[in-house]
Amino acid sequence: MIQYDAERRTLTLHTRSTSYQMKIDATGVLLHTYYGEKLRKGDLSRLICPEDRGFSPNPDEVGLDRTWSLDTQPQEYSSSGVGDFRQPALEADLADGSHIVDLRYVGHTVADGKYALEGLPAFYDEGVAAQTLTVELRDKCSGLTVELLYGVLEEYDMITRAVRVRNDGAAPVQLTRVASACLDFFTGDWDFITLGGAYAREREPVRTTLTQGVHTVGSVRGSSSHQQNPFLVLCDRDATEDTGCCWAMALVYSGNFQATVEHTQFHETRMTMGIHPFHFCWRLEPGESFTAPEAAMVFSRQGLGHMSRMFHRAIRLNLCRGPWKDARRPILINNWEATLFDFDADKIYSIAQAASKVGVEMMVMDDGWFGQRNDDFGGLGDWNVNQEKLPGGLAPLAERIKGLGMKFGIWVEPEMVNENSDLYRAHPDWAFQAPGRPVTRGRYQLVLDLTRAEVRQYILDNLRTMLKSADISYVKWDMNRSLTDVWSAGLPAERQGEVYHRFVLGVYEILEALHQEFPQLLIEGCSGGGGRFDCGMLYYTPQIWCSDNTDAMDRLRIQYGTSYCYPCCTMGAHVSAVPNGLTHRSTPFHTRGVVAAAGTFGYELDLNELSPEELEEVAHQIAAFRNYWDVVMRGDYYRLTDPFRHECFCAWMHVSPDRTRAVVSVVQTQRHANPVRPLLRMKGLDPDKDYLVEGKVYGGDELMYAGLALPFLDECQAVQYQIKEV
Ligand code: GLA
């Protein structure tokens, strides 16, 4: 619900359990006065405490009042160059050479339903109550007009934000920073949590105590990246999984981003998130506008667990789209780790055949089926079938696989080109390369210039042809390098600062066209594993390959960190062979199954090479997954231990929304002699219900408050309990 109090000039947004307030100050500055637990009423600008602060300048309209300064006012969307020395939300180069932007309130509107953003991913309101608030601010002098958009998704305690900047002035303006959200707090004795990491070690939570200064993370790689994720949490210093206040923000965007927390001289806090200003410069001619991507915010007073569960529900039901978003995804087998580039139709068929016998439902043919792609030196860009490997094209193989009762899926990497390709030979200027400079290769490949319509058309035409040439149910969309040499032959010099963002818009445009034209197609995102795992991609691809690291023990950490924001149904997770190719570790088959079943579930090996006992285990894993998939996918997720702290075991559980069923998974991460008693206290059950666990009945209260005694497991062993109400 959105309330405007005309007398106090406050705008208050209410979700089910949170409130968010702004106030239009007498000067017209839009102040931010509250975000947190739900309030019934009140004007929280009373918390401002005016004070004459040295070196905090005062604007002309407050006259001799030295207590009013933009430097100390909590702002909704901070200006720059007129007295606020904290991180600005908006920066611009104006025609007169100045960089001053001073935003004042013009008006606002409230509408039912949630806004959508042209060409950009955003949460939507299907099936849930939602409202939109639009507040207009203007910098009188330059004519820059800012529309702040707020979407209120009550049921998820989520408030989304986006920003449109319009040039209503007479001269061109260059935008150099447009934050999607800016959030000021009066206090800040907090921790902040970011998701750091690296290739094969994605989304490791990093928790830091906030100290005075500007703390920032981001990506300038052209994608959201393995190294940082567009997700940030501020929380009480003693916040745990179950207690404490947490404010979280996720950017619905897949390119360069910056997330910043500033802890000020007065221990206030400002949090901003948006497109990274690195090499960003967007030219607005008079009348033109620019839309900054959406940021989604959740406040939880019940710790990090509740915060995650709010994101999980909203992402699954109101960000992911298409028929697969809430349906059981096919249990797939992918040939990459089994064959790399070395396969032909018969090899793929033989992997599929073995898999079909134990209940696998889809065969995915990975990299190497097109052009002259026998290694990663060549072929990218040539999306014609390699006839030596697949005589007769995709259709005969797809039909053979269909004959096994399986679906057929395929890998593509449409944003890239190898120099050794027909595409590059024909159109060398279609790859990013700055004039007069040598190229910079990543995995021997270059990045296609998706800012150009003809390049996007080429990609779309090829994907269409491929998808129509055979019965293809699934596409794995990969992106295997970071962007460099970002310069487009299709844009004039003064628009080169737009290339990074236009590239992302180009990716979105192609994915949107596919979504419209092939609504049944399941697309799995990927970028060398989880290098582009973000809310932007999830709008187009309801699942994303979580990591190239399929080692079950490492996956415990990767999936744990990923779960801070993203639901299990989005996490691509497969059982692979041992010893693991990246870690050289051997884990039991059962453990690999338990860990993969906390994601989309599938296999990444050649089942022909398994022992009869292992094949039996596969059949068992598949049957079990079919039985409880809905609890994993649609249930509430509880992190029971933190695999980064040296606990002996890692445990998590999924509880069905009606709390009648649960799946509890435990993996022994360390084993010591004469070990301590392995007790596990569960979460999320109904204390008044009785549950059946391994043939015995326990109260939900007992299981949660006293716990269950686990067996003494060896290192890397796992145990899983399926629990039912009796
Ligand atoms: C990336 C993906 C892998 C695989 C290879 C193919 O690394 O993450 O799963 O598809 O590309 O080249």
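1. Quick notes on the overall build of the protein
So, point 1. Within the protein, the regular secondary structure consists of 12 helices and 38 strands.
So, point 2. Computed over its C-alpha atoms, the radius of gyration of the protein comes to 26 Å, within 12% of the 27 Å expected for a compact globule of 726 residues.
So, point 3. If you line up the protein on its principal axes, its C-alpha atoms span 85 × 70 × 45 Å.
So, point 4. In the protein, once contacts between residues fewer than 6 apart in sequence are set aside, the share between residues at least 24 apart is 69%.
So, point 5. Carbon and sulfur atoms form 49% of the exposed surface of the protein, whose accessible area is close to 26500 Å².
So, point 6. Computed over 71 positive and 97 negative side-chain charges, the separation of the two mean positions in the protein equals 2 Å.

2. Here's the deal with the domain arrangement of the protein
So, point 1. When its domains are assigned, the protein resolves into domain 1 (2–318), domain 2 (333–635) and domain 3 (649–725).
So, point 2. The gap between the C-alpha centroids of domain 2 and domain 3 is 35 Å.
So, point 3. Taken together, the 19 residues of domain 2 in the interface contact 19 residues of domain 3.
So, point 4. Here domain 2 and domain 3 share an interface that buries about 1500 Å² over both sides, 69% of which is from carbon and sulfur atoms.
So, point 5. By the criterion of area lost to domain 3, the three top residues of domain 2 are Leu556, Val594 and Val631, representing 34% of everything that side buries.
So, point 6. Inspection of the domain 2/domain 3 interface yields one salt bridge.
So, point 7. Across the pair Arg661 and Asp630 runs a salt bridge whose closest N-O atoms are separated by 2.9 Å.

3. Concerning the pattern of salt bridges
So, point 1. Applying the stated rule across the entire model yields 57 salt bridges.
So, point 2. With its nearest N and O atoms 3.7 Å apart, the salt bridge here joins Arg86 to Asp184. Residue Arg86 is located in the loop between strand E4 (30–37) and strand E5 (90–93), and its partner Asp184 is located in strand E10 (residues 173–185); the two are separated by 98 residues in the primary sequence.
So, point 3. Asp184 sits in the buried class, given a relative accessible area of 3%.

4. A short note on the nonpolar core
So, point 1. If you look at the biggest cluster of nonpolar residues, it comprises 209 residues, and the most contacted ones within it are Tyr77, Leu175, Phe311, Trp369 and Tyr603.
So, point 2. The element best represented in this core is helix H7 (residues 499–517), accounting for 10 residues.
So, point 3. If near-sequence neighbours (up to four positions away) are discounted, Tyr77 is found in contact with Ala89, Leu90, Leu103, Leu137, Val146, Leu148, Arg161, Val163, Val178, Ala179 and Cys182.
So, point 4. Membership of the second largest hydrophobic core comes to 22 residues, among which are Leu640, Val655, Leu710 and Leu713.

5. Brief notes about helix H9 (residues 552–562)
So, point 1. Summarising burial for H9: nine of the 11 residues are buried, a large majority.
So, point 2. Of all the residues in H9, the buried ones are Ala552, Met553, Arg555, Leu556, Ile558, Gln559, Tyr560, Gly561 and Thr562.
So, point 3. Capping the start of H9, Asp551 holds a side-chain oxygen 2.9 Å from the backbone nitrogen of Met553, two or three residues further along.

6. Looking at the site of the ligand
So, point 1. In the vicinity of the ligand, 13 residues are found, and the nearest of them are Asp366, Asp367, Lys476, Gly529 and Asp548.
So, point 2. Measuring from an oxygen atom of the ligand, one finds a side-chain N or O atom of Lys476 at 2.7 Å.
So, point 3. Here an oxygen atom of the ligand and a side-chain polar atom of Asp548 are 2.4 Å apart.
So, point 4. Coverage of the ligand by the protein chains reaches 96% of its 300 Å² of free accessible surface.

7. Digging into the packing of helix H10 (residues 589–596) against helix H11 (residues 612–634)
So, point 1. Remark: H10 packs on H11, axes separated minimally by 10 Å, with the N-to-C direction vectors making an angle of 25°. With respect to their mutual orientation, H10 and H11 come out roughly parallel. As for how H10 packs across H11, the hand of that crossing is right-handed. Contact residues: H10 offers Phe589, His590 and Gly593, while H11 offers Glu614, Glu617, Val618 and Gln621.
So, point 2. Partitioned by chemical class, the residues of the contact of H10 with H11 number two nonpolar, three polar and two charged.

8. A closer look at a nonpolar patch on the surface
So, point 1. A contiguous nonpolar patch, built from Leu692, Val697 and Val726 and spanning about 250 Å² of accessible area, is present on the exposed surface.
So, point 2. Looking at where Val697 falls in the secondary structure, it is placed in strand E36 (residues 696–699).

9. Considering a negative patch on the surface
So, point 1. Together, Asp688, Asp690, Asp701 and Glu702 give the surface a local cluster of negative charge.
So, point 2. When you line up the elements, Asp701 lands in helix H12 (residues 700–706).

10. What about the pairing of strand E3 (residues 18–24)?
So, point 1. Counted residue by residue, E3 has seven buried out of seven residues, so it is predominantly covered.
So, point 2. Neither face of E3 is open: one carries Thr18, Tyr20, Met22 and Ile24, the other Ser19, Gln21 and Lys23, and all of them are buried.
So, point 3. Alignment of strand E2 (residues 10–14) against E3, held across five bridges, turns out to be antiparallel. Bridge pairing in E3 links Leu11 to Met22.
So, point 4. Connecting E2 to the next strand, E3, in antiparallel fashion are three residues.

11. Brief notes about the sheet that holds E3
To summarise the sheet geometry, strands pair through backbone hydrogen bonds and adopt either a parallel or an antiparallel arrangement.
So, point 1. Taken in spatial order, the four strands make up an open sheet running E1-E2-E3-E4, and their pairing is antiparallel. Single-partner strands in this sheet number two, and they are strand E1 (2–5) and E4. Here the average twist between neighbouring strands, direction ignored, is 15°.

12. Observations regarding the side chain of Thr132
So, point 1. Note that Thr132 resides in strand E7 (residues 130–139).
So, point 2. A polar contact of 2.8 Å, which involves the side chain of Thr132, links it to the backbone nitrogen of Tyr115.

13. Let's talk about the packing of helix H3 (residues 345–357) against helix H4 (residues 394–403)
So, point 1. The contact between H3 and H4 brings their axes to 10 Å, and the two run at 20°. Judged on the interaxial angle alone, H4 and H3 are roughly parallel. The two elements H3 and H4 cross, and the hand of that crossing is right-handed. Contacts between H3 and H4 involve Ala345, Asp346, Ile348, Tyr349 and Ala352 from the former and Leu397, Arg400 and Ile401 from the latter.

14. As for the sheet that holds strand E29 (residues 575–576)
So, point 1. Read across the sheet, nine strands follow the order E28-E27-E26-E25-E22-E21-E20-E30-E29 without closing on themselves; strand pairing throughout is parallel. Two strands in the sheet have a free side with no partner beyond their single neighbour: strand E28 (571–572) and E29.
So, point 2. With two bridges connecting them, strand E26 (residues 522–525) and strand E27 (residues 543–545) associate as parallel partners. Of the residues in E27, the one forming a bridge with Gly525 is Ile544.
So, point 3. Its contacts with the sheet put H3 on strand E20 (332–334) and strand E21 (362–365), and the angle it makes with E21 is roughly 155°.

15. Here we look at the environment of Leu13
So, point 1. Inspection of the secondary structure assignment puts Leu13 in strand E2.
So, point 2. What Leu13 contacts, discounting residues up to four positions off in sequence, is Met1, Ile2, Thr18, Ser19, Tyr20, Met22, Leu133, Tyr150, Val152 and Ile159.

16. Thoughts on the packing of aromatic side chains
So, point 1. Summed over all chains, the structure comprises 27 aromatic pairs.
So, point 2. Between Trp247 and Phe299, the ring centres sit 5.1 Å apart and the planes meet at 45°, which makes this aromatic pair tilted. Highlighted residues: Trp247 in strand E15 (residues 246–252) and Phe299 in strand E19 (residues 289–300), separated in sequence by 52 residues. Taken as a pair, Trp247 and Phe299 share a single burial class, namely buried.
So, point 3. Ring plane angle 75° and centroid distance 5.2 Å describe the contact between Trp369 and Phe370, whose orientation is recorded as edge-to-face.

What counts as what
Residues numbered from 1 in each chain as written. Predicted model: local features only at pLDDT ≥ 70, side-chain atom pairs only at ≥ 80, totals over all residues. Heavy atoms only, no water. Helix = DSSP H or I, 4+ residues; strand = E, 2+ residues; numbered from the N terminus. Rg over C-alpha atoms; globule rule 2.2 N^0.38 Å. Contact = heavy atoms within 4.5 Å. Areas by Shrake-Rupley, 256 points an atom, 1.4 Å probe, with all protein chains shown as cover. Lys, Arg positive; Asp, Glu negative; His and termini not counted. Charge placed at Lys NZ, Arg CZ, Asp CG, Glu CD. Domains from an automatic or database assignment. Buried area = accessible area lost by both parts, 1.4 Å probe. Salt bridge = Lys/Arg side-chain N within 4 Å of Asp/Glu carboxyl O. Buried < 20%, exposed > 50% of the residue type's maximum accessible area, 1.4 Å probe, protein only. Core = buried A, V, L, I, M, F, W, Y, C linked by side-chain atoms within 4.5 Å. Polar contact = N/O pair within 3.5 Å; in protein donor to acceptor, adjacent residues only side chain to side chain. Near = heavy atom within 4 Å. Axes fitted to C-alpha atoms, helices over the stretch in contact; angles between N-to-C directions. Parallel < 35°, antiparallel > 145°, perpendicular 65-115°, else oblique. Left-handed = near helix turned anticlockwise from the far one by under 90°. Nonpolar A, V, L, I, M, F, W, Y, C, P; charged D, E, K, R; others polar. Patch = residues over 30% accessible without salt bridge, like charges linked within 9 Å, V, L, I, M, F, W, Y side chains within 5 Å. Pairing = 2+ DSSP bridges. Phe/Tyr/Trp six-rings, centres within 6.5 Å; stacked < 30°, edge-to-face > 60°.

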